[in-house]
Amino acid sequence: MAARSRRSLLICLLLASGLAAVAAYAANRPRPRHETAQFAGRYIWQESQSWFGGFSGINVSADGSAMTVLSDRARLVRADIQRDRGTISKVQLRSSQQLRTSTGRTLFGRVMDSEGLAISADGTVYISFEGVPRVAYQRADSARAQVLPRPDAFDAMPLNKALEALAVDAQGRLYTLPENAPNAAGDIPVWRWNGHRWSQPFALPRRDGFLPVGADFGPDGRFYLLERSFMLIGFRSRLRRWDITAQGPQNEVTLFQSALGAYDNLEGLSVWRDAADRLRATMVSDDNFRSLQRTELVEFFLPE
């Protein structure tokens, strides 16, 4: 065999070996399990007030009869939920309160961009912000906010891509994560407040171009993450969950991934258990105060 032919054969063998190694890596790379969540209903929520819309956070009561929602223009809204055989049939506004700073002033400009909502067992309302990344809390809707200490890393987060999601676990610890500020490995860094200091105990894998927009701990103790992907003609949504252990997040499961345009801009997530002992996820959409979009409440039954 000529030297040139031997070199060509060797190159082909090396390429084939390399492609086989890549294929083997892709086949063995950990991927989440898929378990099918079942669609439970959708409700288009409409109100005439000029402040209505832009909802990016939601907390549903333990029995599903009430909710607290957060606008990205620093407004906290309480409402009652009426249901017909478990499906939302009407939403009745109960109160609306513009959030205030620690000095009692109304929030405005960059400091107004409120995104994540979590309510602890004692009723304390925690809110994460994007424009100036921080987490604040208040004991009552009309109270002045108190801001938790801010690590330097918060200031390094990109504008409008910061603390989008917020959740509180059964121990009262807060978890927040940015929409698009990946760590050096390209994963989603998760920050935890234990009542005294912030830490970064783990990161979550980013997959397929989706970005985190909402989070919650369910009554089952597991961590749920709502994610969004945007294209010019609409949104896609995805819901994943993990068991949070001393060794980090485990048992990743993808619960649903919507088709493009199936729902509006779902941003807020609340996981609860209904009277029939079924896990439910309730999500709310941010209409961006645009007439072509809508405020939706979308619910799914979740597998155990």
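Before any of the text, the structure's been laid out above.
In this report, we go over the structure that sits alongside the text.

## A look at the environment of Ser270
Phase 1: Here Ser270 shows up in strand S19 (residues 266-273).
Phase 2: Residue Ser270 is classed as buried on the basis of its relative accessible area, which comes to 1%.
Phase 3: Separated by 210 residues in sequence, Ser270 and Val60 place their C-alpha atoms 5.9 Å apart.
Phase 4: Discounting residues that sit within four places of it in the chain, Ser270 has contacts with Ile58, Asn59, Val60, Asp216, Arg280, Ala281 and Thr282.
Phase 5: A polar contact of 2.9 Å, which involves the side chain of Ser270, links it to the backbone nitrogen of Val60.

## Topic: the environment of Arg75
Phase 1: One can find Arg75 in strand S5 (residues 75-84).
Phase 2: Judged by relative accessible area, which is 15%, Arg75 ranks as buried.
Phase 3: Each C-alpha atom of the pair Arg75 and Gly54 lies 9.5 Å from the other, and the pair is 21 residues apart in sequence.
Phase 4: Excluding residues that lie within four positions of it along the chain, Arg75 makes contacts with Trp51, Val69, Leu70, Ser96, Gln97, Gln98 and Leu99.

## What to know about the nonpolar core
Phase 1: Counting 18 residues, the largest nonpolar core has Tyr224, Leu239, Leu269, Met283, Phe300 and Leu302 as the members making the most contacts within it.
Phase 2: Secondary-structure elements contributing two or more residues to this core are strand S16 (223-231), strand S18 (248-257), S19, strand S20 (279-285) and strand S21 (295-302).
Phase 3: Ignoring sequence-local partners within four residues, the contact set of Phe300 consists of Ala37, Gln38, Phe39, Ala40, Phe256, Tyr263, Leu279, Arg280, Ala281 and Met283.
Phase 4: Membership of the second largest hydrophobic core comes to 17 residues, among which are Trp51, Val91, Trp272 and Val284.

## A look at the packing of aromatic side chains
Given two aromatic rings, their pairing is described by the distance between the two centres and the angle made by the two planes.
Phase 1: This structure, assessed with the given rule, holds 18 aromatic pairs.
Phase 2: An angle of 75° between the planes, with centres 5.2 Å apart, marks the rings of Phe52 and Phe55 as edge-to-face.
Phase 3: The exposure class assigned to Phe55 is buried, which follows from its relative accessible area of 0%.
Phase 4: One aromatic cluster is present, built from ring pairs that chain together Tyr175, Phe202, Phe217, Phe223 and Trp242.
Phase 5: Seen from the ring of Phe289, Arg73 lies directly overhead, with NZ or CZ sitting 3.7 Å from the centre.
Phase 6: Lying across the ring of Phe129, Arg134 places its NZ or CZ 3.7 Å from the centre.

## Some details on the sheet that holds strand S11 (residues 163-168)
Phase 1: Read from one edge of the open sheet, four strands run S11-S12-S13-S14, paired in antiparallel fashion. The sheet is open, and its two edges are formed by S11 and strand S14 (198-204), each paired on a single side. Across the sheet, the mean angle from the axis of one strand to that of its neighbour is 25°, orientation sign disregarded.
Phase 2: Pairing analysis gives three bridges linking strand S12 (residues 174-178) to strand S13 (residues 188-193), with the strands arranged antiparallel. Note that in S13 the partner of Tyr175 across the bridge is Arg192.

## Considerations on the side chain of Asp169
Phase 1: Assignment of secondary structure puts Asp169 in the loop between S11 and S12.
Phase 2: Assessed through its relative accessible area of 11%, Asp169 is described here as buried.
Phase 3: Polar contacts involving the side chain of Asp169 include one to the main-chain amide nitrogen of Arg173, which spans 2.8 Å.
Phase 4: In contact with Asp169, other than residues within four places in its own chain, are Tyr175 and Phe217.

## Quick look at the sheet that holds S20
Phase 1: With respect to topology, four strands assemble into an open sheet ordered S2-S21-S20-S19, the strand pairing being antiparallel. What marks the edges here is a single partner per strand, and that holds for strand S2 (38-45) and S19. Strand-to-strand, the axes of this sheet are offset by a mean angle of 20°, without reference to chain direction.
Phase 2: The pairing of S2 with S21 spans seven bridges and is antiparallel. Each bridged residue has a counterpart across the sheet, and for Arg42 the counterpart in S21 is Val298.

## Looking at the pairing of strand S7 (residues 114-119)
Phase 1: Most of S7 sits inside the fold, with six of its six residues counted as buried.
Phase 2: Summarising the sheet, S7 and strand S8 (residues 125-129) pair through five bridges and their orientation is antiparallel. Its bridge partner being in S8, Ala118 is matched across the sheet by Tyr126.
Phase 3: If you look at the hairpin formed by S7 and S8, you'll find five residues sitting between the two strands, and Gly123 has a positive phi there, around 90°.

Criteria and cut-off values
Residues numbered from 1 in each chain as written. Predicted model: local features only at pLDDT ≥ 70, side-chain atom pairs only at ≥ 80, totals over all residues. Heavy atoms only, no water. Helix = DSSP H or I, 4+ residues; strand = E, 2+ residues; numbered from the N terminus. Buried < 20%, exposed > 50% of the residue type's maximum accessible area, 1.4 Å probe, protein only. Contact = heavy atoms within 4.5 Å. Polar contact = N/O pair within 3.5 Å; in protein donor to acceptor, adjacent residues only side chain to side chain. Core = buried A, V, L, I, M, F, W, Y, C linked by side-chain atoms within 4.5 Å. Phe/Tyr/Trp six-rings, centres within 6.5 Å; stacked < 30°, edge-to-face > 60°. Lys NZ or Arg CZ within 6 Å of the ring centre and 35° of its normal. Pairing = 2+ DSSP bridges. Axes fitted to C-alpha atoms, helices over the stretch in contact; angles between N-to-C directions.

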